[in-house]
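# Per-entry structural report
Listed below are the residues making up each chain.
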Amino acid sequence: MSLAHLNGGQQLAVKYYIVAVVLFVAQILFGLLSGIQYLEPDFLQGLLNFNITRTVHINAMIVWMLYGFIGSVYWLLEEESETEIVGLKLGNLGFWVLTSAVTVVVLVFLFIQTGPGDDFTRWFINEGREYIEAPRWADIGIVICMLIFFYNVAATFSKGKWSGIAGVLTLDLVALAGIYLAGMFYTTNISVDQYWWWWVIHLWVEATWEVLVGCLMAWGLMKTLGVSRKIVTTWLYIEVALMFGSGILGIGHHYFWIGTPEYWFSIGGLFSALEPVPLVAMVVHAVYDSGVRHSKGNNNPALAWLIAHAFGNFFGAGVWGFMHTLPQINLFTHGTQWSASHGHLAFFGAYATIIIAMFYIAAQYVRGQSSFGPATLGSGWKWKWALGLLNLGVVGMTVALLISGYEQSFIERAVGGSTWMGYFAAQIHPWFIQGMEWRMVFGLVTTAGIVLLVWDLLTIGKSRVVEQSRVTQTVS
Amino acid sequence: MSSNIPWWSSETFWKKTAIWVTGFMFLVLIALTVDTLPQISVGSERVPAYSVINKHISYEFNDERNFQVPVIGGDDPLFGKMLSEEEAEALVTHGKKITQGRNCMGCHTLLGNGSYFAPDLTKAWLDPAWSSEGEREQMMIDFLMHPQDNARSFGSGRTMPDLNISEEEARAVIAFLKWMSSIDTNGFPYSFTVIDKEG
Amino acid sequence: MIEPVELKDFFIVFFSGAMIIMSGALYALLFAWSRLQSKPWMMATAYGSYGILFISVLTLGSAAHLNGFWWWLVIAMLVGYLLAPHGIWKLCVGTHTADENAYPPVSAEETDNSETSLKSNSQKEAI
Ligand code: HEM
Ligand code: HEM
Ligand SMILES: [Fe+2]
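Just so we're clear, the structure is a prediction, and the values are computed from it rather than from any experiment.

## Regarding the domain arrangement of chain A
All names here are of chain A.
- As far as domains go, chain A holds domain 1 (1-162), domain 2 (189-295) and domain 3 (301-465).
- Here the C-alpha centre of domain 3 lies 21 Å away from the C-alpha centre of domain 1.
- Between domain 1 and domain 3, roughly 2,300 Å² of surface is buried when both sides are summed, and carbon and sulfur atoms account for 85% of that area.
- Between domain 1 and domain 3 we count zero salt bridges in total.
- Where domain 1 touches domain 3, the interface holds three residue pairs in polar contact (both at pLDDT 80 or more).
- Broken down by secondary-structure element, the contributors of at least two residues to the side of domain 1 that touches domain 3 are helix 1 (8-39) and helix 2 (50-81).
- Residue composition of the side of domain 1 that touches domain 3, by class: 20 nonpolar, six polar and no charged.

## Some thoughts on the coordination of the iron ion (ligand 3)
All names here are of chain A.
- Around the iron ion (ligand 3), the protein contributes the donor atoms H202 (ND1), E206 (OE), H253 (NE2) and H254 (NE2), which lie 2.0 to 2.2 Å from the metal centre.
- Coordination at the iron ion (ligand 3) is irregular: its four donor atoms span angles of 82 to 148 degrees at the metal.
- The metal-metal distance between the iron ion (ligand 3) and the iron atom of ligand 1 is 4.3 Å. With H202 and E206 both in helix 7 (residues 190-225) and four residues apart, the pair spans about one turn of that helix.
- Its relative accessible area of 0% is what places H202 among the buried residues.

## Considering the site of ligand 1
- Near ligand 1 there are 27 residues, and of these E130(A), H334(A), G335(A), S339(A) and H342(A) occur at the shortest range.
- The environment around ligand 1 is built from residues contributed by chains A and B.
- The contact in question runs from an oxygen atom of ligand 1 to an N or O atom on the side chain of H334(A), over 2.6 Å.
- The element that contributes the greatest number of residues to the shell around ligand 1 is helix 13 (residues 337-366) of chain A, accounting for seven residues.
- Residues belonging to the shell around ligand 1 are distributed by class as follows: 10 nonpolar, 13 polar and four charged.

## Brief notes about the interface of chain A and chain B
- In this assembly, 81 residues from chain A lie in contact with 85 residues from chain B.
- Carbon and sulfur atoms supply 64% of the area buried between chain A and chain B, which totals about 7,100 Å² over both sides.
- At the junction of chain A and chain B, the tally comes to four salt bridges.
- The salt bridge partner of R65(B) is E262(A), with a shortest N-O separation of 2.9 Å.

## Re the site of ligand 2
- Residues in contact with ligand 2 amount to 27 residues; listed here are only the nearest, Y38(A), R54(A), H57(A), H344(A) and Y116(B).
- Ligand 2 sits at the junction of chains A and B, each of which supplies nearby residues.
- A distance of 2.8 Å separates a nitrogen atom of ligand 2 from a polar side-chain atom of H344(A).
- Take Y116(B): an N or O atom from its side chain is 2.7 Å from an oxygen atom of ligand 2.
- At the level of secondary structure, the elements contributing two or more residues to the shell around ligand 2 comprise helix 1, helix 2, helix 13 and helix 17 (430-459) of chain A.
- With seven residues, the single largest contributor to the shell around ligand 2 is helix 1 of chain A.
- When its residues are assigned to classes, the shell around ligand 2 shows 13 nonpolar, 11 polar and three charged.

## Some remarks on the interface of chain A and chain C
- Of the residues lining the interface, 59 residues belong to chain A; the matching set on chain C comes to 51 residues.
- Taken together, the links from chain A to chain C amount to two residue pairs in polar contact (both at pLDDT 80 or more).
- Breaking the side of chain A that touches chain C down by element, the ones donating at least two residues are helix 8 (229-250), helix 9 (263-274), helix 10 (276-292), helix 11 (300-323), helix 12 (327-333), helix 13, helix 15 (381-415) and helix 18 (462-475) of chain A.
- Residue contributions to the side of chain A that touches chain C peak at 11 residues, all from helix 10 of chain A.

What counts, and at which threshold
- Residues numbered from 1 in each chain as written.
- Chains lettered and ligands numbered in written order.
- Predicted model: local features only at pLDDT ≥ 70, side-chain atom pairs only at ≥ 80, totals over all residues.
- Heavy atoms only, no water.
- Domains from an automatic or database assignment.
- Buried area = accessible area lost by both parts, 1.4 Å probe.
- Salt bridge = Lys/Arg side-chain N within 4 Å of Asp/Glu carboxyl O.
- Polar contact = N/O pair within 3.5 Å; in protein donor to acceptor, adjacent residues only side chain to side chain.
- Helix = DSSP H or I, 4+ residues; strand = E, 2+ residues; numbered from the N terminus.
- Nonpolar A, V, L, I, M, F, W, Y, C, P; charged D, E, K, R; others polar.
- Donors = N, O, S within 2.8 Å, 3.2 Å for Na, K, Ca; no water.
- Tetrahedral: all angles 85-135°; square planar, octahedral: opposite > 155°, others 65-115°.
- Buried < 20%, exposed > 50% of the residue type's maximum accessible area, 1.4 Å probe, protein only.
- Near = heavy atom within 4 Å.
- Contact = heavy atoms within 4.5 Å.

Put into structure tokens, the structure is as follows:
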């Protein structure tokens, strides 16, 4: 694969994208293992216990999405700033340091797994807090790599040109990195622990990540649909206002039951009920745009995944989020398969989709194609089936988990009094087990989708280049 | 040219709005954090001091608040030994660190957050699965040290893996669990059945 | 102060919750579509969706015991969702007219440029 025709930032982006895809595959594989352990509890027990397979599953997800974001920003950096990237060498160094750190963390998760209850374990093996299990040394490494990344972005925009998108993006990255610090300390007080832990998790996915993909979407609409800069910038500001206006205090929906005072009921209920509003506004605006200027996109797979993003974000975060966000019902759904159902649809729908769209935008340039339409892709069955299978798989898993979660909130929480016995009464209920079985079925559909996706990304638009070059050779 | 852009849809208006809204919401969150943190500091009404493990803890319905709340009773020292505030803190801290080092949250939820493969541990200390208050401490030690031999998974076949927890570690974890059960969680978990006093 | 949902009402709460967001979006969509394509009859379906939303909000309100302070949430949803599509539409029109007067043909040119530069790149590589 020759990358010489890409600009420096784009070459760096391709590296990040490749690792992102590898980790995405790892995420799915470990998701399958965790899912199997629900049905066959003895499977790998003693070797890779559920807590290990699950930790790798969700950490691979967080890390591949971060790689996807970093790659996407590097991808658009030189075009948006209209100048060359400032620290290409430094950026490369950052990439290799981060990737080595991630590799070591994963190997330690898999082979050392756990440790005694001392500070060494937390610094070098496992921190034992969901999503941010990475040991402290890796946290520090991640922060340093993020600083390099941030320097590259801010310095390149400063040297070249600041735009509205550039400004929002840069400030958002400061917030995103700053919030991570809130998870980097130890306290025995588990209420305080979880108070700050939610700053990382919630303020990432429901505030800073949303704005980051808002920037990507703004840029993508400009590039793929030709919407003017002024419009996308204004809408980006509108989105920031609505998103942060609802999402920052929406964090209250995690402060109902962790020891925090009762006034969080009202704050969390009210503001998180507002969180779907920006998502509705975005869908409407997208329809307006495509109605006003008839879309003449030149990258069909990317466009399809951007549409999947708009819908996925709306359903996963907006609809699924709202259904369990009021304390009156969250009391029963909190910490059940309900949360897992929402988590799957939201992370896939809001974030996996748009990063995949960015992969396809990159693939078009890497393969040197003027467009990714029927002319160059032929029937395009691979990307179409990958799109269909991945979305069907995740939606199927989401519905299966929803049914299990519904049953669990009933049997364990409402009837069983939430005790140990109530918990297991729910776990052996036929609805629950069938939900878990269907989750596996759709997990396999998802897996088929990812196999096709990887195959497609490796091959899409290639053959035509070969043909073209043959043609040019004979001509010359 | 720009004269026909209504002010409420201009780029500058929304830029300013975005900045002010974000700044304002963030300041409110900071203010609420400043108000909340003292209310959940150890030794507060909602999050009792670590020495609460010297006391009897139960979970009773409160008519005024319309849900169950932890009730701290008379002396009931854990493993029969009264601890000073410092000793209690050291023991609970060790227990919490063990739960992180063994990645308990990879299977269980604590205060409802974590994974859904195994029961919630928020009120594990009060769970009727430990037969009765008299037998509880020994049963918990046995279970944590040898979870495979003492499995109680009610027909699901799902058992806790052996995490090489020593007796001394088990005691620390139990201290942490007992302390956690005293936190006022606004009635979560709901309609919880509390362990019997006698078997 | 909250009053938890009763067991028999779980399904109603989930269902009406989902319906609120979906009919809210449908209302906004049909509203925009109707204006965009100047099809007034579609506006009736838009307000039909709002009608569904109205019923869903009240259903959720009674099943989740949204009384006292929580009644304000019900009011906010009823009024907010009614007005939001108007606001969103106004913003769409406002931002777009502003742009079209300023510099209409921009986008087409930009895309064309990038396409040609890409073509030349791929050819360079091929040769
Ligand atoms: C793209 C955006 C979002 C993502 C990726 C996301 C993801 C998640 C995940 C993974 C969890 C489970 C956390 C855990 O492991 O304990 C969660 C919990 C939750 N989310 Fe979201 N979410 C998003 C947006 C929203 C929105 C917009 C709402 C509300 C309208 C919402 C409401 C909730 C609630 C109430 C919980 C707590 C569940 C519980 O009590 O167990 N989420 N979210
Ligand atoms: C083959 C496909 C997959 C399978 C079989 C699978 C299985 C699982 C399992 C068993 C868990 C643990 C839930 C628990 O604690 O009980 C889990 C958690 C999770 N998975 Fe997946 N997964 C798959 C794909 C995905 C995808 C594609 C995404 C998102 C892009 C995703 C995101 C998550 C998240 C966010 C959690 C944590 C949920 C929470 O804590 O509430 N998974 N998954
Ligand atoms: Fe949240």
